[in-house]
Amino acid sequence: MTEPTVHVLWLNAGLSCDGDSVALTAATQPSIEEIATSALPGLPPVELHWPLLDYECGPQGGADDFVAWFHRAARGELDPFVLVVEGSVPNEDVKQEGYWTGFGSDPATGQPITVCTWLDRLTPHATAVVGAGTCAAYGGVHAMAGNPTGAMGVPDYLGWDWRSTAGIPIVCVPGCPVHPDSFAETLVHLLHQIAGRAPMIELDDNLRPAWLFGRSVHESCNLAGYYELGRLATGYGRDECLVKVGCWGPAVKCPVPRRGWINGVGGCPSVGGVCVACTMPGFPDQFMPFMDEPGLTVAPATEGLYATLVRTLQSVVLHEAEKEPEWRRRGDALTTGYTA
Ligand code: SF4
Ligand code: SF4
Ligand code: SF4
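Cut-offs and rules
Residues numbered from 1 in each chain as written. Chains lettered and ligands numbered in written order. Predicted model: local features only at pLDDT ≥ 70, side-chain atom pairs only at ≥ 80, totals over all residues. Heavy atoms only, no water. Helix = DSSP H or I, 4+ residues; strand = E, 2+ residues; numbered from the N terminus. Rg over C-alpha atoms; globule rule 2.2 N^0.38 Å. Areas by Shrake-Rupley, 256 points an atom, 1.4 Å probe, with all protein chains shown as cover. Pairing = 2+ DSSP bridges. Buried < 20%, exposed > 50% of the residue type's maximum accessible area, 1.4 Å probe, protein only. Salt bridge = Lys/Arg side-chain N within 4 Å of Asp/Glu carboxyl O. UniProt positions renumbered as here; feature names shortened; annotations may be inferred. 1 Å grid on protein atoms, 1.4 Å probe; cavity = no way out; pocket = protein on both sides within 12 Å on 5 of 7 lines; lining within 4 Å. Contact = heavy atoms within 4.5 Å. Arc of directions from axis to C-beta. Near = heavy atom within 4 Å. Nonpolar A, V, L, I, M, F, W, Y, C, P; charged D, E, K, R; others polar.

Participant: With reference to specific residues and values, describe the overall build of the protein.
Facilitator: Broken down by element type, the protein carries 12 helices and seven strands. Compactness check: the protein gives a C-alpha radius of gyration of 21 Å against a globular reference of 20 Å for 340 residues, within 12% of the reference. In terms of overall dimensions, the protein has C-alpha extents of about 70 × 55 × 35 Å along its principal axes. As displayed, the protein has an accessible area near 14,600 Å², and 54% of this comes from carbon and sulfur atoms.

Quick look at the structure:
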């Protein structure tokens, strides 16, 4: 019997910069080409409907053919399918006129279809829903204090307890942009799971793949030895720990320093850049201004009351950093603090 094809519908029309799509082109372990061609052992047949690599458009291709897959999924004609959302979800209930963001148009009316409408139409039929990048996961930069759109993450829009037709929670792979290999690996897990060859994906309390986001940046940073020795840089371009020049690594969960950015190479503090906490639910508001000392500094060899107090402070910071600002939610009132 032929194995069912799993369609991957990539909706990159949220409030986004397309950075997560661009990032995914750099995945190597595995690559998006290997996923799209089902070249990995055990992967089911895959059809990728993604603006950056849509090999199913065919010779008659064009925007209408591309969007037609989304219409078919909304009518319940595609099964199984994974919906990938890129970008944050605006609150269409708080605007005075027009719309915040849309994708394609309604064949009957010619009017744009908002991203919120697509989510309402597609998610009841989806086998899995994945948020690619911090905007889709938690709101990200578009959901900062003072924004006029009331932007939020996909879980804020659908509800944190939402489940797909297969009983799978929303899967969030945060990062600004998303770490290429982490996203590709998560997608591969879901494809195997949908094919019945992998267990239920394990997620943490913020809906992140637990095996990827279980450790802090600090735990994997190759400058951690300097931190232990109390060798803390006071400027850039030095081969020392960056905590005094703004690195949030001790309070941030992210696999990048451990896995490298592209093909195992690079990774923020490991190559001299401070961690600005771009994977965190509270990003960016809770970590600004960037490049200021974040108050996580302690000489690790220090023992006694002072060290205990500072480490308690670190755990409080980590706890708070795991929360989104309270204005990222649905409703008909704009609570971001925006003033015209
Ligand atoms: Fe762009 Fe970052 Fe938002 Fe992704 S998470 S859409 S890279 S701003
Ligand atoms: Fe930790 Fe940042 Fe220092 Fe690396 S640079 S050891 S992540 S504080
Ligand atoms: Fe973002 Fe920090 Fe991870 Fe770099 S190390 S990707 S800045 S969370």
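Participant: Residue-level account of the pairing of strand E4 (residues 102-105), with values.
Facilitator: Relative to strand E5 (residues 112-114), E4 is paired through two bridges, and the arrangement is antiparallel. Across the sheet, Gly-102 pairs through a bridge with Thr-114, a residue of E5. Once E4 ends, the chain turns through six residues before running back antiparallel as E5, passing Gly-110 with a positive phi of about 75°.

Participant: An account of the pairing of strand E2 (residues 46-49) is needed here, citing residue identities and associated values.
Facilitator: The alternating pattern of E2 places Val-46 and Leu-48 on one face and Glu-47 and His-49 on the opposite face, and all of these are buried. The sheet contact formed by strand E1 (residues 6-11) and E2 spans four bridges and is parallel. Within the sheet, the bridge partner assigned to Val-8 lies in E2 and is Leu-48.

Participant: I'd like a rundown of the pattern of salt bridges, residues and numbers included.
Facilitator: One pass over the structure, following the stated rule, counts 11 salt bridges. Here Arg-208 makes a salt bridge to Asp-204, at a shortest N to O gap of 2.8 Å. Across the pair, Asp-204 and Arg-208 agree in class, each one buried. Glu-322 is paired through a salt bridge with Lys-253; the nearest N and O atoms lie 3.1 Å apart. Of this pair, Glu-322 sits in the segment after helix H12 (305-321) while Lys-253 sits in the loop between helix H10 (224-229) and helix H11 (256-259), and the two are 69 residues apart along the sequence. Assessed through its relative accessible area of 16%, Glu-322 is described here as buried. Owing to a relative accessible area of 22%, Lys-253 belongs among the partly exposed residues under this scheme.

Participant: Lay out the UniProt feature "binding site: [4Fe-4S] cluster 2" (unreviewed entry) in the protein in plain terms, naming residues and giving numbers.
Facilitator: Following the UniProt record, the feature "binding site: [4Fe-4S] cluster 2" (unreviewed entry) maps to His-218, Cys-221, Cys-241 and Cys-247 here. Considering the C-alpha atoms alone, the annotated residues occupy 30 residues of sequence yet fold into one spot, their largest mutual distance being 11.1 Å. Among the residues just listed, His-218, Cys-221, Cys-241 and Cys-247 line the largest cavity. Assignment of secondary structure puts Cys-241 in the loop between H10 and H11. Summarising the element assignment, Cys-247 is placed in the loop between H10 and H11. For Cys-247, a relative accessible area of 8% corresponds to the buried category. Beyond its immediate chain neighbours, meaning those up to four positions away, Cys-247 contacts Leu-242, Pro-269, Val-274, Cys-275 and Pro-294.

Participant: Which residues make up helix H4 (residues 115-122), and what values do they have?
Facilitator: Looking only at H4, the buried set comprises Val-115, Cys-116, Trp-118, Leu-119 and Leu-122. The arc enclosing the buried residues of H4, seen along the axis, measures out at 160°, which places them on a common side.

Participant: Describe in detail the site of ligand 1, supporting the description with residues and values.
Facilitator: Near ligand 1, the surroundings consist of Ser-16, Cys-17, Gly-19, Asp-20, Thr-134, Cys-135, Val-141, His-142, Gly-175, Cys-176 and Pro-177. Elements with a contribution of two residues or more to the shell around ligand 1: helix H1 (19-24) and helix H5 (134-138). Residues that form the shell around ligand 1 fall into these classes: five nonpolar, five polar and one charged.

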